[in-house]
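Here are the chains, one letter per residue:
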Amino acid sequence: MRTAAATGSGIQPGDLGFFSALASAGSLSAAARELGITTPAVSRHLALMEARVGLSLVNRTTRRMSLTPEGELYLEHARRILGEIDDMAQLLGVSKATPKGLLRVNATLGFGRSHVAPLISRFVRKHPQVEVQLQLSVNPPALTDDSFDVCIRFGAPPDARIIARPIAPNRRLLCAAPAYLAKHGTPRVPNDLTRHHCIGIRQGEEAYGVWRLTSGRGRNATTEAVKTRGRLATNDGEIAVNWALDGHGILMRAEWDIERYLKNGRLVQVLPQFHTPDADLYAVYPQRHQLAARVRAFVDFVALSLGRRAAAGTP
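Scoring rules and cut-offs
Residues numbered from 1 in each chain as written. Predicted model: local features only at pLDDT ≥ 70, side-chain atom pairs only at ≥ 80, totals over all residues. Heavy atoms only, no water. Helix = DSSP H or I, 4+ residues; strand = E, 2+ residues; numbered from the N terminus. Buried < 20%, exposed > 50% of the residue type's maximum accessible area, 1.4 Å probe, protein only. Contact = heavy atoms within 4.5 Å. Areas by Shrake-Rupley, 256 points an atom, 1.4 Å probe, with all protein chains shown as cover. Pairing = 2+ DSSP bridges. Axes fitted to C-alpha atoms, helices over the stretch in contact; angles between N-to-C directions.

1. What about the overall build of the chain?
Assigned secondary structure in the chain consists of ten helices and 14 strands. Taken across its 315 residues, the chain has 43% of its residues classed as buried. In the chain, once contacts between residues fewer than 6 apart in sequence are set aside, the share between residues at least 24 apart is 73%. Total accessible area on the chain is roughly 16,900 Å²; 52% of this is exposed by carbon and sulfur atoms.

2. Overview of the sheet that holds strand S5 (residues 150-154)
Taken in spatial order, the five strands of this open sheet run S4-S3-S5-S14-S6, and their pairing is mixed. Both edges of this open sheet fall to strand S4 (130-137) and strand S6 (162-168), since each of them pairs with a single strand only. Taking each pair of neighbouring strands and ignoring which way they run, the sheet shows an average axis angle of 25°. Judged from the six bridges that link them, S6 and strand S14 (residues 281-286) form a sheet pairing that is antiparallel. Each residue of the ladder has a partner; that of Ile-162, found in S14, is Pro-286. Where helix H6 (residues 109-126) meets the sheet, it contacts strand S3 (101-108), S4, S5 and S14, and its direction lies at approximately 175° from that of S4.

Just distances and angles here, no functional claims.
Okay, structure coming up:
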């Protein structure tokens, strides 16, 4: 007797979860253990899938397996569809509140490496049914990009369709190495910056090379825009910090990135009496994801962890 799976054509709904489990397991035998079936059964199911779509999805060897380009594409869409099914279950109230399923996270390069990745390591230990894909990028993705469930970014996006939850305060500070200041002098007022080497960072949509410094508060606040110059510029914040540590100039950088160097004296704050625009941390996600248990759990976890560190003064 032939099964429905054997007689069907194209992509079957049951194939999506099977292929996602297979890709996560990394081998036919590991997938068999995960799914509670035999290795030959896994092999047969995969062969049926490939026969139905008319494509090879997996490269098999005696010891390992890897996805073909078509398999990678199949997996990407399968996991997105499975995530949307989970979202629908959450919205309808028919799924348990246990966080599970695929969670796609985006963060900036430096902050993602230093802070988000370690948090994800702790998060998946706490929620073993959640699978996390972290992608780091120089700039945050477009708000219309549906490739991510949660983006950790600096500053709130001006878009009502997007939920932007504040998770931790973050100041931008001016700093430089003591050796640079000893050689070139210490700025006293914002306009002094025009006579210094300033390290540029090309990120986001902010005006490049224009630093805004504010004195006073409330109605008495005045802001001065200074056009800076310098011999070094990059789109990577970590590189810019290293250049500042090497004594190449004055840098404007988030407190989260330079706090440890200010504490150990390798960097010194410049013009501390002036304020630069804040860059508070936000977790950004589409409104349709706000009820998904995995999204809620992750955002709560990040907000609690980073909020505690900020309150303790240890970014």
